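Coordinate inspection notes
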Amino acid sequence: IAGITQAPTSQILAAGRRMTLRCTQDMRHNAMYWYRQDLGLGLRLIHYSNTAGTTGKGEVPDGYSVSRANTDDFPLTLASAVPSQTSVYFCASSPTSGGDGEQFFGPGTRLTVL
Amino acid sequence: GENVEQHPSTLSVQEGDSAVIKCTYSDSASNYFPWYKQELGKRPQLIIDIRSNVGEKKDQRIAVTLNKTAKHFSLHITETQPEDSAVYFCAASPYNTDKLIFGTGTRLQVFP
């Protein structure tokens, strides 16, 4: 049982390039989330999905897009990366939609945009 | 929208002492307040949570208290051990928003 996985583990990207961060869970959780973690700013929600086929915007959605074609996968796309998107990105899932249940985090992706 | 403030940003204690981390929230409709622990280089993991219909919850050496009137909640760790050293995040979930808003974190160091 893998739980929740993310790929890649780390990536260095040139500004202006397109990048997709992958997130997959095998726990059949309804809700999935993408956060970015920056020093001194904690975890900030980028986008979320309560169930397959639906997505919503978090606190810092600009420059990012997501899709939820099925229950297991929730990819995050940076259409044209900028240096301010350098961060550690965490995907999370929860059996409970609504934000009021335990969230299980993936191992994170460290992204550097030059 | 909801805003969660967390203090202190860093906390150093001697092994065996208690540690207290405090958070305030702005949205009185928030009804779920979890605490996550993140060890160095690892992912955040839930350690305890409390809902708005409860004032206090304990789990062995950790406890969380909630004051809905003042809109603040606190994490209490007793008999601290070196393995408690980590970054701790509080969070709040405003009612009917599908979101969890995190505080900025507290780096706890427990010295032997």
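Residues numbered from 1 in each chain as written. Chains lettered and ligands numbered in written order. Predicted model: local features only at pLDDT ≥ 70, side-chain atom pairs only at ≥ 80, totals over all residues. Heavy atoms only, no water.

1. Side note on the sheet that holds strand E8 (residues 76-78) of chain A
All names here are of chain A. Rules: In this description, strands pair whenever DSSP reports at least two bridges between them. Only runs of H or I of at least four residues qualify as helices and only runs of E of at least two qualify as strands under DSSP, and these elements are numbered from the N terminus. Every angle, taken between N-to-C directions, lies between 0 and 180 degrees, and every axis is a line fitted to C-alpha atoms, over only the stretch in contact when it is a helix.
Across the sheet, four strands lie side by side as E1-E3-E8-E7; this open sheet has antiparallel pairing. Looking at the sheet topology across the chains shown, the edges are occupied by strand E1 (4-7) and strand E7 (64-66). Between one strand axis and the next, the sheet turns through 20° on average, direction left out of account. Summarising the sheet, E7 and E8 pair through three bridges and their orientation is antiparallel. Paired with Tyr-64 across the strands is Leu-78, a residue of E8.

2. Observations concerning the interface of chain A and chain B
For interface size, the figure often reported is the accessible area lost on association. Going by this rule: Two residues qualify as a contact provided that any one of their heavy atoms is within 4.5 Å of a heavy atom in the partner residue. When two parts are brought into contact, each loses some accessible area as probed by a 1.4 Å sphere; the total of that loss over both is the buried area. Salt-bridge detection follows one rule: a side-chain nitrogen of Lys or Arg within 4 Å of a carboxyl oxygen of Asp or Glu. Identification of polar contacts relies on pairs of N or O atoms within 3.5 Å, with a donor-acceptor requirement for protein atoms, meaning one able to donate a hydrogen and the other able to accept it, and with residues adjacent in sequence counted only if both atoms are side-chain atoms.
With 24 residues of chain A in contact, the opposing surface of chain B contributes 18 residues. Interface area, chain A with chain B, both sides summed: about 1,800 Å², of which 53% is carbon and sulfur. The three residues of chain A that bury the most area against chain B are Leu-43, Asp-100 and Phe-105 of chain A, which together make up 28% of that side's buried surface. Remark: the boundary between chain A and chain B carries one salt bridge. With a shortest N-O distance of 4.0 Å, Arg-51 of chain B and Asp-100 of chain A are connected by a salt bridge. Here chain A is connected to chain B by seven residue pairs in polar contact (both at pLDDT 80 or more). Secondary structure elements with two or more residues in the side of chain A that touches chain B: strand E4 (31-38) and strand E5 (42-49) of chain A.

3. Side note on the pattern of salt bridges
Residues and elements named next belong to chain A. For the record, the criterion: The buried label applies to any residue whose accessible area, calculated with a 1.4 Å probe on protein chains only, is under 20% of its type's maximum; exposed applies above 50%, and partly exposed to all values in between.
Applying the stated criterion across every chain, the model contains seven salt bridges over all chains. A salt bridge links Arg-36 to Asp-38; the shortest N-O distance between them is 2.8 Å. In this structure, Arg-36 and Asp-38 share a single accessibility class: buried. One connected set of salt bridges, linked through shared partners, spans Arg-36, Asp-38 and Arg-44.

4. Overview of the packing of aromatic side chains
Heads up, the rule is: Aromatic pairs are defined between Phe, Tyr and Trp rings, using the six-membered ring for Trp, whenever the two ring centres lie within 6.5 Å; interplanar angles under 30 degrees are classed as stacked, those over 60 as edge-to-face, and all others as tilted.
Following the criterion strictly, the structure yields 13 aromatic pairs over all chains and no others. Here the aromatic rings of Tyr-25 of chain B and Phe-73 of chain B are separated by 6.0 Å at their centres, their planes lie at 55°, and the arrangement is tilted. Of this pair, Tyr-25 of chain B sits in strand E3 (residues 19-25) while Phe-73 of chain B is found in strand E8 (residues 72-77), placing the two residues 48 residues apart along the sequence. Like Phe-73 of chain B, Tyr-25 of chain B is buried. Here the aromatic cluster, defined as three or more aromatic residues joined through ring pairs, consists of Tyr-33, Tyr-35, Phe-90 and Phe-105 of chain A together with Tyr-36, Phe-89 and Phe-102 of chain B.

5. Digging into the nonpolar core
Considering soluble globular proteins, one finds that nonpolar side chains tend to be buried as a cluster. What counts is decided by this rule: For our purposes a nonpolar core is just a set of buried Ala, Val, Leu, Ile, Met, Phe, Trp, Tyr and Cys residues, chained together by side-chain atoms within 4.5 Å.
Formed by 24 residues in total, the largest nonpolar core has its most connected members in Trp-35, Phe-73 and Leu-108 of chain B. Non-local contacts of Phe-73 of chain B, meaning those with residues more than four positions away in its chain, are made with Ile-21, Lys-22, Cys-23, Tyr-25, Phe-33, Trp-35, Thr-65, Leu-66, Cys-90 and Ala-91 of chain B. In this structure, Cys-23, Trp-34, Ala-81 and Val-113 of chain A belong to the second largest nonpolar core, which totals 18 residues.

6. Observations regarding the layout of surface pockets
This is how the line gets drawn: Residues are called lining when one of their atoms sits within 4 Å of a cavity or pocket point, these points coming from a 1 Å grid over the protein atoms alone, where a cavity is a set in which a 1.4 Å probe fits but cannot get out and a pocket is an open set with protein on both sides within 12 Å along at least five of seven lines. Grid points are joined across faces, edges and corners, and a volume is the space filled by probe spheres set on the points. Each residue is assigned to one of three groups, with Ala, Val, Leu, Ile, Met, Phe, Trp, Tyr, Cys and Pro labelled nonpolar, Asp, Glu, Lys and Arg labelled charged, and all others, Gly among them, labelled polar.
Quantified by volume, the largest pocket comes out at close to 650 Å³. Lining the largest pocket are 27 residues, with Gln-37 and Leu-39 of chain A together with Gln-38, Val-87 and Arg-107 of chain B positioned closest to its centre. When residues of the lining of the largest pocket are traced back to their parent elements, those giving at least two are E4, strand E9 (87-94) and strand E11 (109-113) of chain A together with strand E9 (86-94) and strand E11 (106-111) of chain B. Class assignment for the residues of the lining of the largest pocket results in eight nonpolar, 14 polar and five charged.

By themselves these figures say nothing about function.
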